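# Close look at the chain arrangement
The primary structure of each chain is shown beneath.
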Amino acid sequence: MVETMNSPRSSHTAAYCLLSLAALFWAGNFVLGRAVHASIPPLTLAFGRWLIALLVLLPVGLKPMLAQRPLWQPHWRRIILLALLGIASFNSLVYLGLQSTSATNGVLLNSFIPILIVLLGAVFFQLPLNRGQLAAVLLSFAGVLLLVAHGEPARLLTLDINHGDALVFCAMLAWAVYTLLLRGLPAGLDRLGLLTLLVAIGLLAILPLFLLEYAQGRRPLLSVTTLASFAYVGTLPSVLAYHFYNQGVARVGAARAGSFIHLMPAFGAVLSMLLLGEAIHAYHLLGIAAILGGVLLSARSAGR
């Protein structure tokens with residue numbers, strides 16, 4: 001039988017493409033967040049990011065947001081919680097953590113998200129613990145560890161854990177809960193309208209923290225690099241990646257969508273090779289293969 005564009009398989013394939021692109025854009029955001037940590041204060045970066053994102057979203061998201069008010073208003077408590085977790089808390093904690101932790105540690109901690117989604121979903125949201133999903137998560141995580149350890153497991157014992165790591169891990173918890181809470185929203189809710197609403201609420205939550213940081217004299221160093229950084233974080237990892245991820249969760253569920261986050265370190269390795277001239281070694285290829293294997297296993301378990 002020929003698959004149509006509206007078939008479940010086509011819908012899942014489109015979702016997997018969107019989730020892969022989201023992981024790519026977020027990988028760039030992680031690298032950039034660490035690269036500019038000395039020139040852009042963390043809460044200024046978070047506030048600027050979402051201010052730009054809101055300006056981009058308003059022309060396309062305001063109308064459906066207002067038109068669907070009767071659909072989302074009964075869920076206003078969940079909406080506020082999603083905005084606080086996924087917009088305000090997650091990114092602010094990541095940028096704060098990247099002030100004092102390495103990009104390597106950040107990537108490793110970020111890779112706990114799929115595991116947290118599976119475990120929290122089973123314990124607190126009564127989601128079935130699919131053996132195939134769990135195996136997929138563990139396989140991808142093994143690939144992440146291989147990348148971080150440079151193919152030498154002993155390296156994992158030398159990672160320096162500090163308070164920045166704790167902040168990033170708290171961000172991972174926030175994102176896992178955000179992903180699980182997305183499931184409770186009406187299926188017919190326009191995703192761009194929803195994202196516009198979430199960003200507006202999250203921006204209001206970040207505002208007093210940004211003003212406090214500014215009052216303390218922590219201000220960005222204006223340059224072409226600074227402006228380009230704001231332009232990137234305010235568009236691709238904010239508007240497109242969030243929209244793609246929300247669409248993916250709606251189409252394939254929280255656990256399968258979360259497994260695609262494991263693609264971030266794989267994309268990070270490739271971006272480092274293309275943009276920074278870093279060499280690709282055998283452990284990179286093995287790690288990326290394990291990550292992709294886990295993601296494919298997760299996708300295959302969707303129909304079981």
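Fair warning: this is a prediction, and the values are worked out from it, not measured in the lab.

## Considering the overall build of the protein
A tally of helices and strands in the protein yields 14 helices and 0 strands. Reading the helices (α) and strands (β) of the protein from amino to carboxyl end gives α-α-α-α-α-α-α-α-α-α-α-α-α-α. Each of the 304 residues in the protein was classed as buried or not, and the buried ones make up 49%. Counted over contacts in the protein with a minimum sequence separation of 6, partners at least 24 positions apart contribute 91%.

## Observations regarding the nonpolar core
Grouped together as the largest cluster of nonpolar side chains are 77 residues, with contacts concentrated most on M172, W175, Y242 and Y245. If sequence neighbours within four positions are ignored, Y245 has contacts with L19, A22, W26, I117, W175, T179, A257, G258 and I261.

## Describing the packing of helix 2 (residues 42-67) against helix 4 (residues 76-97)
Packing of helix 2 against helix 4 leaves a shortest axis separation of 8 Å and a crossing angle of 140 degrees. Judged by the inter-axis angle, helix 2 sits oblique to helix 4. Handedness of the crossing formed by helix 2 with helix 4: right-handed. Only I87, N91, S92, Y95 and L96 of helix 4 make contact with helix 2, whose side of the interface consists of P42, L43, L45, A46, R49 and W50. In terms of residue class, the contact of helix 2 with helix 4 is made up of 8 nonpolar, 2 polar and 1 charged.

## Brief notes about helix 6 (residues 113-124)
Taking 1.5 Å of rise per residue, 12 residues should cover 16 Å, and helix 6 covers 15 Å from first to last C-alpha, within 8% of that figure. Those residues of helix 6 that sit buried are I113, P114, I115, L116, I117, V118, L120 and G121. Directly beyond the C-terminal end of helix 6, a positive phi value near 55 degrees is found at Q126.

## A look at the side chain of S92
As for its placement among the helices and strands, S92 is situated in helix 4. A distance of 2.7 Å separates a polar side-chain atom of S92 from the backbone oxygen of A88. The residues touching S92, leaving out its near neighbours within four places in the chain, are L43, A46 and I206.

## Thoughts on the environment of V252
Note that V252 resides in helix 11 (residues 236-252). Among the residues examined, V252 registers a relative accessible area of 2% and is labelled buried. Taking the C-alpha atoms as reference, V252 lies 8.6 Å from S11; in sequence the two are 241 residues apart. In this structure, V252 is in contact with H12, A15, Y16, L19 and A257, ignoring residues within four places of it in sequence.

## Brief notes about the packing of helix 2 against helix 10 (residues 224-233)
It is the contact of helix 2 with helix 10, at a shortest axis distance of 8 Å, that shows an interaxial angle of 55 degrees. Regarding the angle of helix 2 to helix 10, the classification is oblique. Every pair of crossing elements has a handedness; the one defined by helix 2 and helix 10 is right-handed. Each of T44, L45, G48, R49 and I52 in helix 2 lies in contact with helix 10, whose residues at this interface are F230, A231 and V233. Residues belonging to the contact of helix 2 with helix 10 are distributed by class as follows: 5 nonpolar, 2 polar and 1 charged.

## Some remarks on the packing of aromatic side chains
Using the criterion set out here, one finds 12 aromatic pairs in the structure. A ring pair is formed by W175 and Y245, whose centres lie 5.1 Å apart and whose planes are at 45 degrees; its orientation type is tilted. Here W175 is found in helix 8 (residues 163-182), whereas its partner Y245 is found in helix 11, with 70 residues between them in sequence. The exposure classification of W175 matches that of Y245, with both residues buried. Members of the aromatic cluster, each reached through a chain of ring pairs, are W26, W50, F90, W175, Y178, Y242 and Y245.

## As for the side chain of S229
Looking at the element boundaries, S229 is found in helix 10. By relative accessible area, S229 is classed as buried at 4%. Other than its neighbours up to four places away in sequence, S229 contacts L32, V36 and I40.

## A closer look at the confidence of the model for the protein
Overall, the predicted model of the protein reaches an average pLDDT of 83, with 87% of residues at or above 70. Taken together, the stretch residues 1-5 has pLDDT below 50 and engages in 5 contacts with residues farther than four places along the chain or on a different chain.

Thresholds applied
Positions within a chain are numbered from 1, following the residues in the order the chain's sequence is written. Two thresholds apply to this predicted model, a pLDDT of at least 70 for residue-level local features and 80 or more for giving and counting side-chain atom pairs, whereas whole-chain, interface and lining totals are computed over all residues. Calculation of side-chain values draws on the structure's entire complement of heavy atoms; hydrogens and water are dropped beforehand. The secondary structure listing takes helices from DSSP runs of H or I that are at least 4 residues long and strands from runs of E that are at least 2 residues long, numbered from the N terminus. Only protein chains enter the area calculation, which uses a 1.4 Å probe; residues under 20% of their type maximum are buried, those over 50% are exposed, and those in between are partly exposed. In this description, contact between two residues means that some pair of their heavy atoms is separated by no more than 4.5 Å. Side-chain atoms within 4.5 Å are what join buried Ala, Val, Leu, Ile, Met, Phe, Trp, Tyr and Cys residues into a set we call a nonpolar core. Every axis corresponds to a line fitted to the C-alpha atoms, with the helix fit spanning only the stretch in contact, and the corresponding angles, defined between N-to-C directions, vary from 0 to 180 degrees. The labels follow the angle: roughly parallel below 35 degrees, roughly antiparallel above 145, roughly perpendicular from 65 to 115, and oblique for the rest. Crossing chirality is assigned from the near helix's rotation relative to the far helix, an anticlockwise turn below a right angle marking it left-handed and a clockwise turn marking it right-handed. In the scheme used here, Gly and all other residues not listed as nonpolar or charged are polar, with Ala, Val, Leu, Ile, Met, Phe, Trp, Tyr, Cys and Pro taken as nonpolar and Asp, Glu, Lys and Arg as charged. Expected helix span is taken as 1.5 Å per residue step, with the number of steps being one fewer than the number of residues. We define a polar contact as two N or O atoms separated by no more than 3.5 Å, with the added condition that, inside protein, one atom must be a possible hydrogen donor and the other a possible acceptor, whereas residues neighbouring each other in sequence contribute only through side-chain atom pairs. Ring pairs shown here join Phe, Tyr and Trp side chains whose ring centres sit within 6.5 Å, with only the six-membered ring taken for Trp; geometry is labelled stacked below 30 degrees between planes, edge-to-face above 60, and tilted in between. As a per-residue measure, pLDDT tells how confident the predictor is, with possible values from 0 to 100.

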